[in-house]
Structures are given as structure tokens and as C-alpha cells.
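# Structural overview
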2 protein chains.
Amino acid sequence: MSAATADNLLLLFDRPNEPIFTPKGNEKKIIQVPEEYLRGRYKELNSADAVEYRFASGSSERIPVKPIPNPGLALPESLKKDAKFSLFIPLHEQMATQVIDFLLGMKNMEDFWAAAVYFRANLNPQLFNYALSVAMLHSPETQDSDLYPLHSLFPEKFFDGEVLYRAREEVEITRPEADERITIDIDRNFSGSDLDIEHRLAYFREDIGVNLHHWHWHLVYPTSPRDIADKDRRGELFFYMHQQILARYNMERFCNNLSRVKRLTNFRDPIREAYFPKLTATQSSKNWVGRGSNAVMQDISRPEENLFFDIQHLERWRDRLFDAIDLGYVINTKGEKVQLTEKNGIDILGNMVEASDLSINKPYYGNLHNMLHMAIANIHDPDFRHLEFASVMGDSATAMRDPVFYRLHMAIDDIFQTYKSTLPGYPVQELYFRNVRVNKLSVQVEGKDENQLFTFWKKSAVNLSNGLDFIERGAIYTNFIHLQHQPFTYNIEVSNQGSERKGTVRIFIAPKYDERGETLLYKDQRKFFVELDRFTVDLSKGTQMIKRKSEHSSVTIPFERTYRDLGKKRPGFGERLERFNFCGCGWPHNMLIAKGTETGYPCQLFVMVSNFADDEVEDDSSSDECKDAMSYCGVRNKKYPDARAMGFPFDRNAREDVTTLEEFMTPNMKVTDVKIFHLGNKIDS
Amino acid sequence: MSAATADNLLLLFDRPNEPIFTPKGNEKKIIQVPEEYLRGRYKELNSADAVEYRFASGSSERIPVKPIPNPGLALPESLKKDAKFSLFIPLHEQMATQVIDFLLGMKNMEDFWAAAVYFRANLNPQLFNYALSVAMLHSPETQDSDLYPLHSLFPEKFFDGEVLYRAREEVEITRPEADERITIDIDRNFSGSDLDIEHRLAYFREDIGVNLHHWHWHLVYPTSPRDIADKDRRGELFFYMHQQILARYNMERFCNNLSRVKRLTNFRDPIREAYFPKLTATQSSKNWVGRGSNAVMQDISRPEENLFFDIQHLERWRDRLFDAIDLGYVINTKGEKVQLTEKNGIDILGNMVEASDLSINKPYYGNLHNMLHMAIANIHDPDFRHLEFASVMGDSATAMRDPVFYRLHMAIDDIFQTYKSTLPGYPVQELYFRNVRVNKLSVQVEGKDENQLFTFWKKSAVNLSNGLDFIERGAIYTNFIHLQHQPFTYNIEVSNQGSERKGTVRIFIAPKYDERGETLLYKDQRKFFVELDRFTVDLSKGTQMIKRKSEHSSVTIPFERTYRDLGKKRPGFGERLERFNFCGCGWPHNMLIAKGTETGYPCQLFVMVSNFADDEVEDDSSSDECKDAMSYCGVRNKKYPDARAMGFPFDRNAREDVTTLEEFMTPNMKVTDVKIFHLGNKIDS
């Protein structure tokens, strides 16, 4: 059997900070690394006695590697092993792109494997993880392989450093044969206290699944190389996925008696929000630095990362984006005007703002989103004089932990919303579904009153063993506490007076009142609508009851997929539930609905059944996998499966004379008042 | 043989973050910890199978412990194991005092040993290290034992975190039997770059010996308990030792083309100096946080540490100290005036400023020095909302790394200097030594021109093995680069026209020019004089040449004492050179003279021979050990061995009509121009 299997490739992810020649995986396999792949100290040790024999005694299998010539990629190899790798840094993205291109250019799996081993031996571990992940997700031979979830490989990006230390101690002081290891508990409030009002939202910002979603989204939608970045409606999805995060976050804030996020409009203002992540970079002194209150962004000049820009650049890029919106056209690199049309405007803007390789004119419209991230991430050391790396804001796997992430994205979203406000409100005929009426809408938790939802705290365990260097093998679990909700069912009664047709059911939820307790008007409320589900139904003639379970949401991925333990129970290929490649992208199911309040948080549940004939997307590819979380992540290798604007019907201001949600409604829509109760005193384990 | 030996006590310091029951020391001894000493997880494991057998297989010896009843010290036991312990926090000092009192109250060594084992098992490791160190230094049975130097136990407080990770990897990937471990090099510029002008002084601030000196000084001179704090002229020594650090630091600054340290006079001003220590707290997420530019001190309200004070308190304490100086008296706790006399004024002030238990009125004069440290150390999280611990400024072992330490101490020194300026200049008859004249003064480096001194970079190694938890035993060395100088000899020609007498030779060095290149006037230059040596000579009649070697300095301790490797070569008791108890206090010899410049930094070397009859101190105790570094550290169990004011003759402004050093001189003094050359291109290894 060839060594070039996806299973063996996965071994290259294991314990990313250990050298290539230590035993890999629970079976302690040894990779027979060609000696010409070794550098420095490892080469020295190898010349004394081949490194593959160093740890081979406890090992079950040795995996051969056919040497390939040195890839000659000096740029990616120049990134120090203990540096922080950040996709927001164009230089780092360029490094990753070179590696991804090289891997995807291999003529067969044998060479792919050999090249992957080479890179494992010679690249920064985070750069390697990203590049091999993207390459595997986008190569036909490997795209079905399971990837380890990032938190199991780089627990330092997800877990309190103290917990990692205690896990390591537990392994050291217990005997493997005695099966006596206990699970280490994580303190829910490890990063702060409620004296900081922003800490009330820590359960959302620090949720492991939320951060995995964000990391995975950027893995599925890299901004480069262009042929990988060039996915259907990618720019629009960038807008929509982040807009939905904000809608969710604002609703959580209301539940916690906080007002909506303040946009970061003035880049010169001190940033009031502080954040100290308590994450420890175990392999170096390059810790995840905290940010105190009232830090001020500075011009960035960091030669190590080839990162140079001023606050004035950020301001000009932002102003040029608003110029484009207010004038109705963008200017491409040839100096030509390109109209922002109803159809493509948001997608063009999304690619310009982020900015991906699809940006219509990167020299002119710049790189606002990524550079804003970096300006904040380097606020403590803008010119690298202190040799400090980026804060959590510089890494897509950690950025959502920081309160300022949401202020940044509210400013970004403001650009998109300003554009959306230039579009005419949907006329009734675009909203209307002739002869279809929604008569009734309710949600039901089994055994409870109608229209009451329930959330609670739940304790779950994850295995840290694959991410803790140099400790004895065998699982070591940590317990974390996260939000969860009781499963519920949507009951939607629809009458169809016309012929048999297909309809798209769109389910949203929004707060009923704003932070002052006033009823929300449509123009505000529309931005707070959180998509819960979207699916197709066959509408027979007459009245029918559509029942849909919460766990089938098109927004979320199952809890088990996020937290599965590859080390413990390796699924075979094709085993659906455990898949975590493209399918790993998706909002974590445990965060489907907001926390609510103990007295019941008043929301409005909204359903619309639209005409599938208007929603359908032509796509001749046959694959139909990984659409579980299509609302925020799309569908692999396919067009986005909904012809409507993302967020429809709430993506625009309403038609004239509509000020309330009630006035906005057409007969194919229905709204129901729902309360979300938080069972705060209960921790389910 | 009893288990209660000093050797066994030393095992309790080894690998401070490992549990009590892991093998200790290179001989892997097992401490038979009584089961009633164990708590929590350790107790659980013990009930399954006594923990002492867990690691006993590779161990040579088991050490019995006679159980003592629970000491019932709830306060010190309440400090979490991963909390940062700080002597500057009164609550922590109180914890340490309880433990020290308990240990010193043990009626025999057997009980002392048993109690020490109890505390090792149940206290925060840093608190334990401090309390046992102070108890051992102050107990007659143990005061001669060697203590591990702190950097070998807590390398995280001294070394770049990256180096510790690399050391650990080196141990993991090499085979103990093959003797193939290499020494890990530390990058000299690990904490910053010269873009930060303050980084030019990193070699001084981050010198291991400099920080060990500061830590050890505070170990020898604790502020509490009172009977230990109450050492001869302790308050004055607090002033003088820190004043000398500042003189040294300012001279280093001049050598590096920087102006003298700016006093921290306005506690409300943003602090321009930033510092990112790159130290990693390995056992927790409580990293050594950095401080960005322009942080502003806030009122402190940290319940966890029972630490509550405002900036207004700091200001009032400072103002009351100046009131006392300008009025000439302090007010004691009974409301009585106590005059500040020429004899005791500086000592009273020193104890008030720090403030030790000897403070004459702590409620009124407060705790300025320690609370200033804590205000800066907690600048990032003044009210503990972010659960952040103190920065390097909160620990005497790390505070000298931070540029702001010197600004703080310049403000503190300003108080003392203001007081000193109220004293009359020494009249000639106090400076004069009848019939004694210094004819000539020079320094000589062997083989070089007269009056030229030479510094260079030297590479030295230390063993980290005792401080890295859970790794294989056996030395693992790291190389660090530090300043060093070529040894030199002072040649002092003295003529004595009177009878045979004793004289005290006092040698100082100071910059000749200020940061503008102007010749320093006496009133400024006196504060820049750095004491190099002080010793007694017999003056026979006639002319004689006094030769004194630089390595005998009364200020420094030998390099070998600072960096000795207890694990490698354990000295027997009484083996002088390796002693590191009281004797561990002292300026590191490698930092005796400033770095100089490549073209030769112009200094003035000063010698004075004073009349020993006026200097002599009556002391009937016979011991005469550990006086190597008496200038800054005093002599163990004895009075400070010089009746003169510390810093004499430069501790006061000059008598009237004196503006230059030349005018200040009496015949028993001599000044010589000396240049310090830095051989920058040479690293000696």
C-alpha cells in the first residue's frame, strides 16, 4: 500500500510543534523523513544517528517518503517557526499561496505526500497547517479527508493556558496503564470578570465553535490564490456571514442588558474596550498579548512582516468605498467605471472591502478589512520595536474573542448597509407568493408551552492530547461550559390555493424591543434578524402543516462535528456525521439561538415562504454534499443555492410607507412572538 | 542520619511547580510526604496508591517526614498556586510573614523539616520559595546552607520564554545516554530592538546578575516581620543601594548616548516608556504582561490582593514626606515630632519611604515605594476586572528589567536627595585626614596603557534543569551574553607624615561630562559617583603604594557565585566560593564598570583615604563572613561596617564656594582621568 494516503497526511497535523521525526498519532507512527529534508539541529542529530530511530522503539509502523527535490520556496521557509502566522498579513498570505500552489501542482499523490512531509519539516507550524488544510480541501484526491479540528491541534488558541498546564501535569502524575486521568475543568470566567461589562458576552465570543466557524470560513474562502478565491458570490457571503454574526451578537447583548455594538467610526479615537485573552503561546515567548483600555491605533511599519500602512490609508480606502457607493460605480484598474448593479453590487463591494484577489481595484480601494484587523492587532507595537506579534485580532481563529472585533465589523457592515440603502425597497410583487399564505407559525419544545424556547449551560469535554507537545499519548480531556438550547420544532401551516409548486421557507428571529425597551421599527429591526433556517418544501394544493426540527438548521453544523475526537474514534472515509472538511464550516449548533433571559426574552419569529421558481439556481454539478450550513458557508463546488440576495427579505430597507414589520408583511409571511428563557441555574453535564 | 538536613531542605526548592511527590534533585530522591499533607487531586491519587511510589522506581532514596499537625495558616494557603506572589503587596507580605514566623518557631530541625515539607505541598510556589529562603537565611541551623540561585528555579523570570521551550525540546529529542545535548543560545536582543532607544540599555536591565542582586537584597532585607527587618541602618541602605543603581544606570545611559533618567514626578502623566518582557509564565496563563507606550496610572482596587489605594494617596504620601524634610521633623504615631538628625534622618526616611515595618508612622506616611511599584505593575488592570496579574514591576526579581523602574526610583531618590540637600556640606575637617596625602592614582589593565579600562561581551552558560518541570533530569545549558571587563588593578600612592594608622580607602568612578558634553559640576557629578570599592589599609609612616585588584571589590560578588551550578557541582558546607545565602547579595562582578564606548568613555576615577578612627564601627560579634559585597548589602548579623554616611563623601552637596570636583578635593583625595573602551566586536566565549 502506498504511504501517500489521506490518513498519513493527517499525521502531519498532529502535535504541530514537535519535530517531524517524533511518533505521530495514537499509533505512534514514524515518518521516515529523508535526510535532505532536515535542517540545523535536526540535521546534526540525524548525522549522529538517523532521527527516525530515535523514537522508533515504541512505534508500530514506519512510513516511507520518496524524497523530492527542494521546492526552492525561500519565502515561506523564511517565516520563523515561533512567529505568529496571520492570513491578514499579505506577506504571509503570499507565503501560504506559494505552498498551496506547489502542493496542488504535484502530479500525483506520492509527490503530494513527499512535498507535504518536506513542508512539515521546514515551515512555521501555523503556516503549514493552513497551507496543507487549504490544499487538501481543494484537491480532488484529498477533499474528503477529515481534518483535525483546529482546537485539538492548537489548543493555545482556544483554551486558558492554565488548563493546558494542568492537563500536562495530570498526564505526568498519572500512570497510563491505570486509566486514572481525570478531566480538567475550565473556569467559565477565565478571561475576565463582570466588572467589565463586555465580559457578559464572553460565553459567545470565546465559544470554541464560534471561533472554529470563523477560522473554517476563512479556510474555505481564502482571499488568495485567485483560482481558489474565485467562488460564487464570495464577496456577498463575506458581507452576509459577518452581518449575521453581528445580528447574533447584538441580540446576545440585548439579552445581557447591553446596548448594540458601537461602530468604530473614528480610527483615531482611543478604543475603550480592553481584552486580555489568557492564551499562552506554549512554544515561544510570543504570547497572545492583551490590550488595555483606551489604546490608540498608530501608523503601522513592521518590516518583519512587510506591513506598512498609515491610519490615513485606512481612512482613504474607507472614503473611496463610500465614494463608490454614493456615486453608484467603482473604478477598475483601467480607470473605467463599473456600475454597482442590484445583482452584483454587494459582491463587488465585499471583495473590495475584505479585500480578496477578486477585488476590482486593490491599488485604489486598498485592503480595509484586513488592515483594520492588523492596525488593532498591532496597537501595542505598531513599528515592531518591541518584537511583539499580533494580538488575537490578527488570527481568524482567535479574533472573535475580542470585543473590538464587533466594533470593527459594525464599521465594515456600515459600508455594506449604506450600499444596501441605495437600493429600492423590494416591491410587494417581489415578496409576494401568489396564492400561498402562511396561516400559522409556532415553535414547540417538547413538553413545554408553545412559543417558549429554553437555553441552558452545558458541560462538554474535548481531548487535548494532539496539541500538547511531548507528553505521553492517550486522551486527556478538558471540560468546558457552553450555551445550549432545548431542541424545538417549527410548526408552519401553509395554504396553497394555486397549483402544486415548490417553495423556499425562510425562518428568522429578531429582538422585539431595542436596548431602550422601545418597539423596534422595521428599518432597525431588519438588521437584527438572525437567520435560523432556510429549506425547500413541496407545496401541494390546499392546507398543510410543515414541521421542521431545529437541528436541521441550514445555518449550523451539528455539535458532534465541531467537537468530535478524531484521536478517539476515527471515522472511515465517507462516514458522514464526523466529516470535517468543507463541512466543518458552519455556525455551531449550540449557539443557534441567543441566551435569552431568566424572565423570557421577547423575540419575533418570522417565516416567509417564497417562490422556489424565483430562488432556484442552475448548477449542473451533481455533488450535493456539505450543504448542512449552506446559509453562511455555501455548498462545496457549487453555486450559492439561493438566487435571492443573501439575507432576503431583510437585506434592504422596506418599500416606501412601511415603518413596522407588520406593515412589511405579505400573506406568505408570518410573525409570532416568542420568548427565550435562560435556565441559568442549571449546568447540564 | 536525620532527614532534617539542610541538603534535604534544598530539595524542596527544586522544580518548584512540580508536586511534592515527584523525584527531587539529580539523585531523584523521593520525599515520603505524609498523606494528611495532601489536598485535592494529589490526595485522590494518593488514596488509589500512595503517591510516593508513583515515581519511586528510578529513585535512589526515600526521605522520611514526621507529620506535624496542620499549621492552620489559612491566609497563606489561600493564595492560588498559579497566582503571582509579590512582596510589594502587603497581603502577600503578611502571608509570607506568617509562614516565616511559623518556621522560625519550630523547636528543632526535625519539626522545621516537617513544616517545610507541609508548606512545599500546600503553598503557592513563589510564596514558598521566598518564605523558606528567608527562614533558612535567618535560622542559625540553616543560615550557612546554599540556596539555589533563583534563575535556576524560576527561569521564567529571567529567560526568554522561547529559550525555555527550545531547551525542553532539546531534552526531549536527545538521548540521555548519548551525551548529545547542546547548549541553547539566547538572543541578546530578545525583548526589543534599537528602534526603542531604551532598548540600548537592555544588557544592563536584563542582566541576570543585576536582577538576582535586587531579588537577593530584598530577601536579606525584608520589610517584615519586624524582628528580621530591624537591621542596622536598613533604611539608609535602601536609599543608598538604589541610589547606586541609578548612578550606574545613568552612566550606562551616557555611554549609550542617552540622557539621564527623567524622574517620574507627575503620577498622572502617560508613561512614555513601554516594555514587553518576553517572559512566559509556564505554569499558567498569567503571563508577564507587557506595557505599551503612554499608559496612565489609575486608582487601584484589587480585592483579590486586598490592594486599595488611589493616585491621590501616592501624592499625599509623597507630599507628607517632603513636608517632613522641609520642616525637619516627622510625626510619629503618637503625634509627636521626631527630629530628622544628621545621624538618623536618612535611615528614618528610608524606612518610611519603602515602607518597612520600621516606618515611624505608616498610617500617616503610607507606603509610597511599594505602592508606586504596584500602581505601575497593575496599570493594565487596575481593578482586576481582567483577572490580570502584575507586570514585571511587581516582582523584585524582574522589576529592574523595565525602563520605568529607573524613573520610579529617580523620583524616590529625589526625596532622599532633597533631604540630603538640607544637610550642611562636609567641612574640610571632616574630609581631611591629617598628614595623609594621596600622591598618585592610576588603574592598570595588564599589558595595556595606564588608565584605560576595557569591557567586552562574554558568553556564559547556566543550567536550566532545576526549573523546567517534568523533563528528564540531567543538565541542559543555555548561553547568555553579558557585559564583562578586563581585570584591573588600582595603584594608589599614599604618603603618611604622621604616625602609623589605619585608613579607609574609598574608590568611586563618575562620568566627566554630562549628556550635553559639558563638564559636570560637583552638585550634579556627586550623584553620578559609583562606588567601586571600599577597604581598610594600614598606613605605615612614609610613602607606600597600595595595590588593589578589581575583583576584590566590596560592591560585587564573584561571577562564579552568581552563576554557579548547584546541580552540577554541589559544594560542601563551608566551601566559601560557592556560598549563596546572605553572601548571594551583591552587585554582579561582570557589571562592575559601565560599558564605555568604542572610542573610550571619559570618566573620573576618585580615591579618598579617610581616617579609620572616624569610620570604625564597634561590633562585638565575632563572625566575619559574607562581607564581600558589604557596600550595598552590609555584613551578616553585624552592623554596617562604616560609621560614615553611606556614599560618603558624595552623599551631600559640597561646602559653600565649591562648584567643581577639583575645588572639593582635600589632600587625602585624588582624581584621575580614565577612559573605558568597549571592545564591541568581540564576544568572548
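Whatever comes next refers back to the structure up there.
Fair warning: this is a prediction, and the values are worked out from it, not measured in the lab.

### Quick word on the overall build of chain A
When helices and strands are tallied, chain A shows 23 helices and 18 strands. Here the C-alpha coordinates of chain A stretch approximately 80 × 60 × 55 Å along the principal axes. Here chain A holds 685 residues, and 65% of them are scored as buried. Contacts spanning at least 24 positions in sequence make up 77% of the contacts within chain A whose residues lie at least 6 apart.

### Quick notes on the state of the cysteines
Residue and element names in this part refer to chain A. Within the structure shown, the criterion is met by two disulfides over all chains. Bridging Cys-585 to Cys-633, the disulfide has an S-S length of 2.1 Å. Of note, the bridge from Cys-585 to Cys-633 carries an S-S torsion of about -75° and is left-handed in sense. One end of the pair, Cys-585, is in the loop between α20 (559–563) and β16 (587–588); the other, Cys-633, is in helix α22 (residues 630–633), and 48 residues separate them in sequence. In this structure Cys-255 is a free cysteine whose sulfur lies 6.3 Å from that of Cys-603, the closest cysteine sulfur available. Classification of Cys-255 by relative accessible area gives buried; the value is 8%.

### Describing the packing of aromatic side chains
Applying the stated criterion across every chain, the model contains 67 aromatic pairs over all chains. For the ring pair Phe-405 of chain A and Tyr-406 of chain A, a centre distance of 5.0 Å and an interplane angle of 75° mean the geometry is edge-to-face. An angle of 45° between the planes, with centres 6.4 Å apart, marks the rings of Phe-13 of chain B and Phe-128 of chain B as tilted. Residue Phe-13 of chain B is found in the loop between α1 (6–11) and β1 (30–31), and its partner Phe-128 of chain B is found in helix α6 (residues 125–137); the two are separated by 115 residues along the sequence. Just as Phe-13 of chain B is buried, Phe-128 of chain B falls in that class too. Among the aromatic residues, those joined into a ring-pair cluster are Phe-204, Tyr-240, Tyr-249, Phe-405, Tyr-406, Trp-587 and Tyr-632 of chain B. Over the face of the ring belonging to Trp-288 of chain B we find Lys-84 of chain B, whose NZ or CZ atom lies 3.8 Å from the ring centre. It is Lys-231 of chain B that lies over the ring of Tyr-221 of chain B; its NZ or CZ is 5.5 Å from the centre.

### Brief notes about the pattern of salt bridges
When their charged atoms lie close together, side chains carrying opposite charge are able to pair. With the rule as written, the count across this model stands at 78 salt bridges over all chains. Between Arg-644 of chain A and Asp-615 of chain A there is a salt bridge, with the nearest N and O atoms lying 2.7 Å from each other. Here Arg-644 of chain A is found in the loop between α22 and α23 (661–664), whereas its partner Asp-615 of chain A is found in helix α21 (residues 612–615), with 29 residues between them in sequence. Accessibility classification places Arg-644 of chain A together with Asp-615 of chain A in one group, the buried group. The closest approach of N and O atoms between Asp-615 of chain B and Arg-506 of chain B, which form a salt bridge, is 3.4 Å. Placement of Asp-615 of chain B in helix α21 (residues 612–615) and of Arg-506 of chain B in strand β12 (residues 501–511) is noted, with a sequence separation of 109 residues between them. There is no split in this pair, since Asp-615 of chain B and Arg-506 of chain B are both buried. Through salt bridges with shared partners, one network takes in Arg-506, Glu-531, Arg-534, Asp-614, Asp-615, Asp-642 and Arg-644 of chain A.

### Thoughts on the environment of Pro-140 of chain B
Residue and element names in this part refer to chain B. In this fold, Pro-140 is placed in the loop between α6 and α7 (150–153). Note on Pro-140: relative accessible area 65%, which makes it exposed. With 36 residues separating them along the chain, Pro-140 and Leu-104 place their C-alpha atoms 9.8 Å apart.

### Side note on the side chain of His-678 of chain A
Residues and elements named next belong to chain A. Along the chain, the position of His-678 falls in strand β18 (residues 669–684). Here Thr-455 takes part through its side chain, which lies 2.8 Å from a polar atom of the side chain of His-678. Once residues lying within four places of it in the same chain are set aside, the contact partners of His-678 are Thr-455, Phe-456, Trp-457, Leu-483, Lys-595, Gly-596, Thr-597 and Glu-598.

### What about the relation of the copies chain A and chain B?
At an RMSD of 0.0 Å, chain A and chain B line up after a rotation of 180° and a shift of 0.0 Å along the axis. With respect to symmetry, the two chain copies, as superposed, fit the operation of a two-fold axis. Same-surface contact between copies: 100% of interface residues of chain A are shared with the interface of chain B.

### Details of the interface of chain A and chain B
Contacts between the two partners involve 53 residues from chain A and, on the opposite side, 53 residues from chain B. Regarding the contact of chain A and chain B, the summed buried area is about 4,600 Å², with carbon and sulfur atoms giving 53% of it. Remark: the boundary between chain A and chain B carries six salt bridges. Close ionic contact of Glu-180 of chain B with Arg-54 of chain A constitutes a salt bridge, the shortest N to O distance being 2.6 Å. Taken together, the connections running from chain A to chain B amount to 24 residue pairs in polar contact (both at pLDDT 80 or more). For the side of chain A that touches chain B, the secondary-structure elements that each account for two or more residues are α2 (40–48) and α8 (161–173) of chain A. Tallying contributions element by element places α8 of chain A first for the side of chain A that touches chain B, with eight residues. For the side of chain A that touches chain B, the class distribution of residues is 17 nonpolar, 15 polar and 21 charged.

### Observations regarding the sheet that holds β12 of chain B
Residues and elements named next belong to chain B. Taken in spatial order, the seven strands line up as β3-β10-β9-β18-β17-β12-β13 in an open sheet, and their pairing is mixed. Either end of the sheet is taken by a strand with one partner, and the two such strands are β3 (184–185) and β13 (530–539). Sheet topology note: the strand β9 (residues 452–463)/strand β18 (residues 669–684) ladder contains seven bridges and is parallel. Each bridged residue has a counterpart across the sheet, and for Phe-454 the counterpart in β18 is Phe-677. Of the strands in this sheet, β10 (477–485), β12, β13, β17 (601–611) and β18 are in contact with helix α12 (residues 234–255), which crosses β13 at around 120°.

### As for the sheet that holds strand β8 (residues 436–445) of chain B
All names here are of chain B. Spatially, the three strands line up as an open sheet ordered β8-β11-β14, and their pairing is antiparallel. Only two strands of the sheet have a single neighbouring strand rather than two, namely β8 and β14 (542–549). Across the sheet, the mean angle from the axis of one strand to that of its neighbour is 15°, orientation sign disregarded. The sheet contact formed by β8 and strand β11 (residues 488–496) spans nine bridges and is antiparallel. From the neighbouring strand, Gln-444 faces β11, where its bridge partner is Thr-489.

### Remarks on the packing of helix α4 (residues 90–104) of chain A against helix α5 (residues 109–122) of chain A
Residues and elements named next belong to chain A. Contact pair α4 / α5: the axes reach a minimum separation of 9 Å and the direction vectors enclose 155°. Taken together, the axes of α4 and α5 lie roughly antiparallel to each other. Residues Val-99, Phe-102 and Leu-103 of α4 lie in contact with α5, whose contacting residues are Phe-112, Ala-115, Ala-116 and Phe-119. In terms of residue class, the contact of α4 with α5 is built from seven nonpolar, no polar and no charged.

### Re the nonpolar core
Note on soluble globular proteins: their nonpolar side chains tend to be buried together. Counting residues in each nonpolar core, the largest one holds 173 residues, and the members touching the most others are Leu-12, Trp-113, Met-297 and Leu-314 of chain A. Not counting chain neighbours up to four residues away, the residues in contact with Leu-12 of chain A comprise Ile-20, Ile-31, Trp-113, Ala-116, Val-117, Arg-120, Phe-128 and Leu-132 of chain A. Leu-103, Val-330, Ile-376 and Phe-529 of chain B belong to the second largest nonpolar core, which has 172 residues in total.

Rules and cut-offs
- Residues numbered from 1 in each chain as written.
- Chains lettered and ligands numbered in written order.
- Predicted model: local features only at pLDDT ≥ 70, side-chain atom pairs only at ≥ 80, totals over all residues.
- Heavy atoms only, no water.
- Helix = DSSP H or I, 4+ residues; strand = E, 2+ residues; numbered from the N terminus.
- Buried < 20%, exposed > 50% of the residue type's maximum accessible area, 1.4 Å probe, protein only.
- Contact = heavy atoms within 4.5 Å.
- Disulfide = S-S within 2.5 Å.
- Phe/Tyr/Trp six-rings, centres within 6.5 Å; stacked < 30°, edge-to-face > 60°.
- Lys NZ or Arg CZ within 6 Å of the ring centre and 35° of its normal.
- Salt bridge = Lys/Arg side-chain N within 4 Å of Asp/Glu carboxyl O.
- Polar contact = N/O pair within 3.5 Å; in protein donor to acceptor, adjacent residues only side chain to side chain.
- Least-squares fit on C-alpha atoms with pLDDT ≥ 70 in both.
- Buried area = accessible area lost by both parts, 1.4 Å probe.
- Nonpolar A, V, L, I, M, F, W, Y, C, P; charged D, E, K, R; others polar.
- Pairing = 2+ DSSP bridges.
- Axes fitted to C-alpha atoms, helices over the stretch in contact; angles between N-to-C directions.
- Parallel < 35°, antiparallel > 145°, perpendicular 65-115°, else oblique.
- Core = buried A, V, L, I, M, F, W, Y, C linked by side-chain atoms within 4.5 Å.

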